[in-house]
Structures are given as C-alpha cells and as structure tokens.
Amino acid sequence: MKVAILSGSVYGTAEEVARHAAKLLRDAGFDAWHDPRATLADVQAFAPEALLAVTSTTGMGELPDNLMPLYSTIRDQLPGFFRGLPGAVIGLGDASYGDTFCAGGEQMCELFAELGVREILPMLRLDASESVTPETDAEPWLAELIDTLRP
C-alpha cells in the first residue's frame, strides 16, 4: 500500500516525526513517500492509497509556512482522488498554549473530512511540554496505524 506523508514543521520536529513514520511504514512493507515541500501534483503523481499528515502548530494556531502552499491548493481545489482514502493525523503542539494546542493538526483533520478521507485513528497529539522524544512517543500510535492499514 502506498502511503503519502504530508508534513509541516517550524523547527523540524514534525519533519523528524514524519521521517520516522516513513521509516516505520517502509520497515512494515508499505511504500511510504514523504516530501516536506510536496505540491499537489507531487502527491497526485505518487497516487497514494492512504494519507498521513504530521504537523506542528505555529503562531495563533496556524499551520507552518512550509505546509501552507499544499494545504491552500488542496483546500481550493478539493480534488476528488482523496475521497475514500484512509487517513490519519499526528499533531504536535504545546498544551500550555491552551485553545490552540495542536490546532494545525485539527486543521488537517478538518481538511481530510472535507476531502472525504476516512479517519482511521483519532489524531495523535504530541505535547512538547511533556515530550523530549516525539518520534519515540509516536511509535505505539504508528504501530496501531500500521495494523489498521494492513489488508
């Protein structure tokens, strides 16, 4: 199964989690693709059979700048090829920010819902105020994702 990993990162942590997820997916026999500067055309060319979004949150609850072009293009076009694909989101944030904690991840969940992507696991929320190893902290959830995606 081909899994496209979309990521947005401010300081690189979400990108590290995305790279780690890609490695774990590949180790489990999946064709995992991750390009932190992906365009919609890049995603379409890969022809994913599942989606994983990994994003941090910046500012007042916004997506990182490096994910905004892809997010905006997808939101503007709402391409039909995403409909029905299984998908999941990992949100990174800091709970001390209150209402905007993992708001970037929430935006990706909303976009997936608009696209008709089937949420196969609840969003994983990684809290920077509690975690110094988010890649490792994501492993149990990623193992569950792998099990869920297996035919």
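Since this is a predicted model, take the numbers as computed values, not measurements.

1. Examining the overall build of the protein
Phase 1 of the analysis: What the protein contains, in helices and strands, is six helices and six strands.
Phase 2 of the analysis: Going residue by residue from the N terminus, the α and β elements of the protein occur as β-α-β-α-β-α-β-α-β-β-α-α.
Phase 3 of the analysis: Its C-alpha radius of gyration of 14 Å places the protein within 12% of the 15 Å reference for a compact globule of 151 residues.
Phase 4 of the analysis: For the protein, restricting intrachain contacts to residue pairs at least 6 apart in sequence, the fraction spanning at least 24 positions comes to 79%.
Phase 5 of the analysis: For the protein, the exposed surface amounts to about 7200 Å²; the carbon and sulfur share of it is 51%.
Phase 6 of the analysis: Each charge class in the protein was averaged separately, 10 positive and 23 negative side chains, and the resulting centres sit 8 Å apart.

2. With respect to the UniProt feature "domain: Flavodoxin-like" (unreviewed entry) in the protein
Phase 1 of the analysis: Mapped onto this numbering, the UniProt entry gives "domain: Flavodoxin-like" (unreviewed entry) at residues 3-146.
Phase 2 of the analysis: Here residues 3-146 is 40% helix and 21% strand, with 10 Å between the C-alpha atoms at its ends.

Quick notes on the rules
- Residues numbered from 1 in each chain as written.
- Predicted model: local features only at pLDDT ≥ 70, side-chain atom pairs only at ≥ 80, totals over all residues.
- Heavy atoms only, no water.
- Helix = DSSP H or I, 4+ residues; strand = E, 2+ residues; numbered from the N terminus.
- Rg over C-alpha atoms; globule rule 2.2 N^0.38 Å.
- Contact = heavy atoms within 4.5 Å.
- Areas by Shrake-Rupley, 256 points an atom, 1.4 Å probe, with all protein chains shown as cover.
- Lys, Arg positive; Asp, Glu negative; His and termini not counted.
- Charge placed at Lys NZ, Arg CZ, Asp CG, Glu CD.
- UniProt positions renumbered as here; feature names shortened; annotations may be inferred.

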